[in-house]
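Structural description and commentary
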Amino acid sequence: MLTTVYSASLSGLEGFTVTVECFSDRGLPSIEIIGLPDAAIKEAIERIHAVTSNNSLPFIKGRTTVNLAPADRKKSGSGFDLAIIVAIVAQSVMPSAELSDACFIGELSLTGDVRPCKGVLPMCLAAKADGKRRVFIPAENAAEGAVVDGIDVYGVKNIIQLIAHLNGAEQIEKAVFEKESAFGFVAPAIDFADIKGQETAKRAIEIAAAGAHNVLLIGPPGSGKSMISKAIPGILPQMSFSEMIETTKIHSVSGILPPNESLVRVRPFRAPHHTMSFAGLAGGGAVPMPGEISLCHNGVLFLDELPEFDKRALEVLRQPLEDRVITITRAAGKITFPASFMVVCAMNPCPCGYYGSEKRKCTCTKAAVEKYLSKISGPLLDRIDIQIEVPAVSFDEITAPVSSESSFEIRKRVEKAREIAAERYKEIGVFANGLLGPSHAKKYCNYSEAAKNVLETAFERLNLSARGYDRILRVSRTIADLEGEDMIGSDHVLEAVQLRSLDRKYF
């Protein structure tokens, strides 16, 4: 006797449907799962045996084979439990149920409750692409699955409830997603109005947010580098729906999407500790999983105490900062994860933190300072568009009664600049100046003769590389967009050069 149902699995960030075939024949009672299952899938036999016993459901009576097709693709995870138990009990307890248009995803507890699993969103998208019209998933994942339009998504609490629904006895309510609820302003945890002083740094951060540029903040302890960095999500533009879907897929596959959440609505802000390993930052594992570089996709990667990170971990940033993707190759296969993000770095100028300070004497030796700064390689530094000094805040700035602009006000200017850039680059699919390639920068970054002279002088005096020149040009384009100018002027280039040349004091 053959029963066929459908489930889904993951390959990187993408889902694919799996046909679960259950064949029972005469012979001693036994069951085997084939089709390249991992250990978690093979253990499903014991879980399902306990579930059938605890819920008075029939188990196998003869030699039974469960095949997961396509048989040449590796399957992993515990999300096949629901499909396998449906295949085993279908002929006995729901012989008239229509299963050809349904997909079953979920892990079972020994009592029959359906537990949540990772990667529900990409698996639901795969089920829709394969023509399935109904998807049964854990109740805690129902909000996430309901995001997929064009299919009916049901949140299942336990196996008895599912059987009753398939038999038409007790219907499970369909999960509903209201797209409008995904949009709207979310108050930032730290508002720019709360940051005293540091007007130059805040101006630089506004430019960085408007153009999706990378930033390096150098200054003594307590100058506000971390606070300014953590305020950045509050001035970034609202994510588009497609960006929300893409970001949610990454968080879902990684298992960090909160229960009963449908989408990641706010741009990610990831701040890994400096002890994080190369694999934690880049991603990896026997089955490649996203690392911090991918988890901050469409958001911000904040690296505090930059020189304290392992040098190998920092060097892994070089390729994603250029290509906006990261490729991980393992024995199980090669997976490419998206990695389009702003990197914001903060560091002290020396081990004690006061090298170059006018208010406190540095206690480090010259050799110690050079060793500390040498941990940041030239190629990585060259990929950071804006490099600024954040000096200590004075008493007058801290006690000043006048508050700064709020994040909401700054965000409106950032969104306007992004809209200008998106309209300019609509033919090439780029939405920010910081994402332009070298060839596109030459085409779209038109500048005046006076601006050309400033660029030439800066190139020669600062000994810029071709990449450094390109970065200054793109920052200049962003400054012009913030001011609503079509042509890059000399004042735009001068500000861009100033925002990049301050690192010459240290490096």
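Structure shown above.
Here goes a summary of the coordinates provided. Note that residues are indexed from 1 along each chain, following the sequence as it is written. Reporting in this predicted model follows two pLDDT cut-offs: at least 70 for local features of residues, and 80 or more for side-chain atom pairs to be given and counted; totals over whole chains, interfaces and linings ignore these cut-offs and use all residues. Calculation of side-chain values draws on the structure's entire complement of heavy atoms; hydrogens and water are dropped beforehand.

1. Focus on the overall build of the chain
Applicable threshold: Under the DSSP-based scheme used, a helix requires at least four consecutive residues in state H or I and a strand at least two consecutive residues in state E, with every element numbered from the N terminus. Here, residues are in contact when the closest pair of their heavy atoms is within 4.5 Å. For every accessible area listed, the method is Shrake-Rupley and the probe measures 1.4 Å; residues are considered covered only by the protein chains on display. Positive charge is attributed to Lys and Arg, negative charge to Asp and Glu, and no charge count is given to His or to the chain ends. To locate a charge, the coordinates of NZ of Lys, CZ of Arg, CG of Asp or CD of Glu are taken.
On a plain count of helices and strands, the chain comes out with 21 helices and 18 strands. Seen through its C-alpha atoms, the chain measures out along the principal axes to roughly 85 × 45 × 45 Å. Taking the intrachain contacts of the chain between residues at least 6 apart in sequence as the baseline, contacts between residues at least 24 apart amount to 73%. Carbon and sulfur atoms make up 51% of the accessible area of the chain, which totals about 22,500 Å². Counting 57 positive and 61 negative side-chain charges, the chain places the averaged centre of each group 4 Å from the other.

2. Quick word on the pattern of salt bridges
Note the cut-off: The salt bridge definition used is simple: a Lys or Arg side-chain nitrogen within 4 Å of an Asp or Glu carboxyl oxygen. We call a residue buried when its accessible area falls under 20% of the maximum for its residue type, exposed when it is over 50%, and partly exposed in between, using a 1.4 Å probe and counting protein chains only.
In total, this model carries 25 salt bridges according to the counting rule given. For D382, the salt bridge identified is with R467, shortest N-O distance 3.9 Å. Of this pair, D382 sits in helix α15 (residues 378-382) while R467 is found in helix α20 (residues 466-482), placing the two residues 85 residues apart along the sequence. The class for R467 is partly exposed, based on a relative accessible area of 28%. One connected set of salt bridges, linked through shared partners, spans E322, D382, R383, D385, R467, R471 and R500.

3. With respect to the layout of surface pockets
Note the threshold: The rule is simple: put a 1 Å grid over the protein atoms alone, call a set of points where a 1.4 Å probe fits but cannot get out a cavity, call an open set with protein on both sides within 12 Å along at least five of seven lines a pocket, and count a residue as lining if it has an atom within 4 Å of a point. Grid points are joined across faces, edges and corners, and a volume is the space filled by probe spheres set on the points. The nonpolar class holds Ala, Val, Leu, Ile, Met, Phe, Trp, Tyr, Cys and Pro. Asp, Glu, Lys and Arg form the charged class, and all remaining residues, Gly among them, are polar.
By volume, the largest pocket amounts to about 580 Å³. If you go around the largest pocket, you meet 24 residues; those closest to its centre are S9, L10, S11, S76 and V287. Elements represented by at least two residues in the lining of the largest pocket include exactly β1 (2-11) and β16 (333-338). In terms of residue class, the lining of the largest pocket is made up of twelve nonpolar, eight polar and four charged.

4. Focus: unusual backbone geometry
The omega torsion of the bond from A69 to P70 falls at 5 degrees, within 30 degrees of zero and hence cis. Within the secondary structure, P70 sits in the loop between β4 (63-69) and α3 (81-93). Backbone geometry places N260, a non-glycine residue, at a positive phi of 65 degrees. Residue placement: N260 occurs in the loop between α9 (241-254) and β11 (269-270).

5. Some remarks on empty space enclosed by the protein
Throughout the structure, instances matching the rule amount to one cavity of 30 Å³ or more. Classifying every residue of the lining of the largest cavity by side-chain character gives six nonpolar, three polar and three charged.

6. A few points about the nonpolar core
Threshold: Note on terminology: a nonpolar core comprises buried Ala, Val, Leu, Ile, Met, Phe, Trp, Tyr and Cys residues joined through side-chain atoms within 4.5 Å.
Formed by 54 residues in total, the largest nonpolar core has its most connected members in I205, M342 and I386. Among the elements that make up this core, the one with the highest residue count is helix α7 (residues 199-211) (seven residues). Counting 41 residues, the second-largest nonpolar core is a separate cluster that includes V5, L57, F104 and L162.

7. Quick look at the packing of aromatic side chains
We count it as follows: Any two rings among Phe, Tyr and Trp, with Trp reduced to its six-membered ring, count as a pair given centres within 6.5 Å; such a pair is stacked if its planes are under 30 degrees apart, edge-to-face if over 60, and tilted if neither. Think of it as a cone above the ring: NZ of Lys or CZ of Arg counts as a charge over the ring if it is within 6 Å of the ring centre and within 35 degrees of the ring normal.
Considering all chains together, one arrives at six aromatic pairs under this definition. Each ring, one from F104 and one from F136, has its centre 5.2 Å from the other, and the planes form 10 degrees; the classification is stacked. Of the two residues, F104 sits in strand β5 (residues 102-104) while F136 sits in strand β8 (residues 134-138), which places them 32 residues apart along the sequence. Both residues of the pair, F104 and F136, count as buried. Ring centres 6.2 Å apart and planes at 85 degrees place the aromatic pair F459 and Y469 in the edge-to-face group. In this pair, F459 is assigned in helix α19 (residues 449-461) and Y469 in helix α20, connecting sequence segments ten residues apart. The class of F459 is partly exposed, set by a relative accessible area of 36%. Ring-pair connections join several aromatic residues into one group, and the members of that group are F104, F136 and Y154. Positioned over the ring face of F16 is R73, at 3.8 Å from the centre of the ring. Sitting above the plane of the F278 ring, R312 keeps its charged end 3.9 Å from the centroid.

8. Some words on a negative patch on the surface
The condition that has to hold: Patch members must show over 30% relative accessible area and no salt bridge, and they are joined within 9 Å when carrying like charges or within 5 Å when they are nonpolar side chains of Val, Leu, Ile, Met, Phe, Trp or Tyr.
On the surface, a cluster of negative charge is made up of E483, E485, D486 and D491. You can see E485 is positioned in the loop between α20 and α21 (490-501). The exposure class of E485 is partly exposed, given its relative accessible area of 39%.

9. Topic: the packing of helix α17 (residues 407-424) against α20
As a reminder of what qualifies: For helices, the fitted axis covers only the stretch in contact; all axes are lines through C-alpha atoms, and the angles between them, taken along N-to-C directions, range from 0 to 180 degrees. Crossings are assigned a handedness: left-handed for a near helix turned anticlockwise from the far helix by less than a right angle, right-handed for a clockwise turn.
Remark: α17 packs on α20, axes separated minimally by 9 Å, with the N-to-C direction vectors making an angle of 115 degrees. Here α17 runs over α20; the crossing is right-handed. Residues R413, A417, I420, A421 and R424 of α17 form the contact with α20, whose own contacting residues are R477, D481 and L482.

10. Quick word on the sheet that holds strand β2 (residues 14-25)
The following threshold applies: In short, DSSP must find at least two bridges between two strands for them to pair.
Here we have four strands laid out as an open sheet, ordered β1-β2-β4-β3, and mixed in their pairing. Of all strands in the sheet, those bounded by a partner on one side alone are β1 and β3 (30-34). Between one strand axis and the next, the sheet turns through 20 degrees on average, direction left out of account. With five bridges joining them, β3 and β4 adopt parallel strand pairing. Its bridge partner being in β4, I34 is matched across the sheet by N67. The strands that helix α4 (residues 120-129) touches are β1 and β2; relative to β2, the one it contacts most, it runs at about 75 degrees.

11. Let's talk about the sheet that holds β5
Strand order in the open sheet formed by three strands is β5-β8-β9, with parallel pairing between adjacent strands. Where the open sheet ends on each side, the last strands, each with one partner, are β5 and β9 (152-156). Each neighbouring strand pair of the sheet contributes to a mean axis angle of 20 degrees, computed without reference to strand direction.

12. Brief notes about the pairing of strand β14 (residues 300-304)
Burial of β14 is extensive: four of the five residues sit out of reach of the surface. Pairing of β14 with strand β17 (residues 342-347), which is carried by five bridges, proceeds in the parallel orientation. Residue V300 lies in a different strand from β17, and its bridge partner there is M342.

13. Quick look at the packing of α7 against α17
Between two packed helices, both the angle of their axes relative to each other and the distance between the axes serve to describe the pair. Definition in use: Any angle that is under 35 degrees is reported as roughly parallel, and any over 145 degrees as roughly antiparallel; angles of 65 to 115 degrees are reported as roughly perpendicular and all others as oblique.
Look at α7 against α17: their axes get within 8 Å of each other, and the N-to-C directions meet at 40 degrees. On the basis of their axis angle, the class for α7 and α17 is oblique. You can see that α7 and α17 cross each other, and the crossing is right-handed. Facing E206, A209, A210 and G211 of α7, the residues of α17 in contact are I410, R413, V414, A417 and R418. Grouping the amino acids of the contact of α7 with α17 by side-chain chemistry returns five nonpolar, one polar and three charged.

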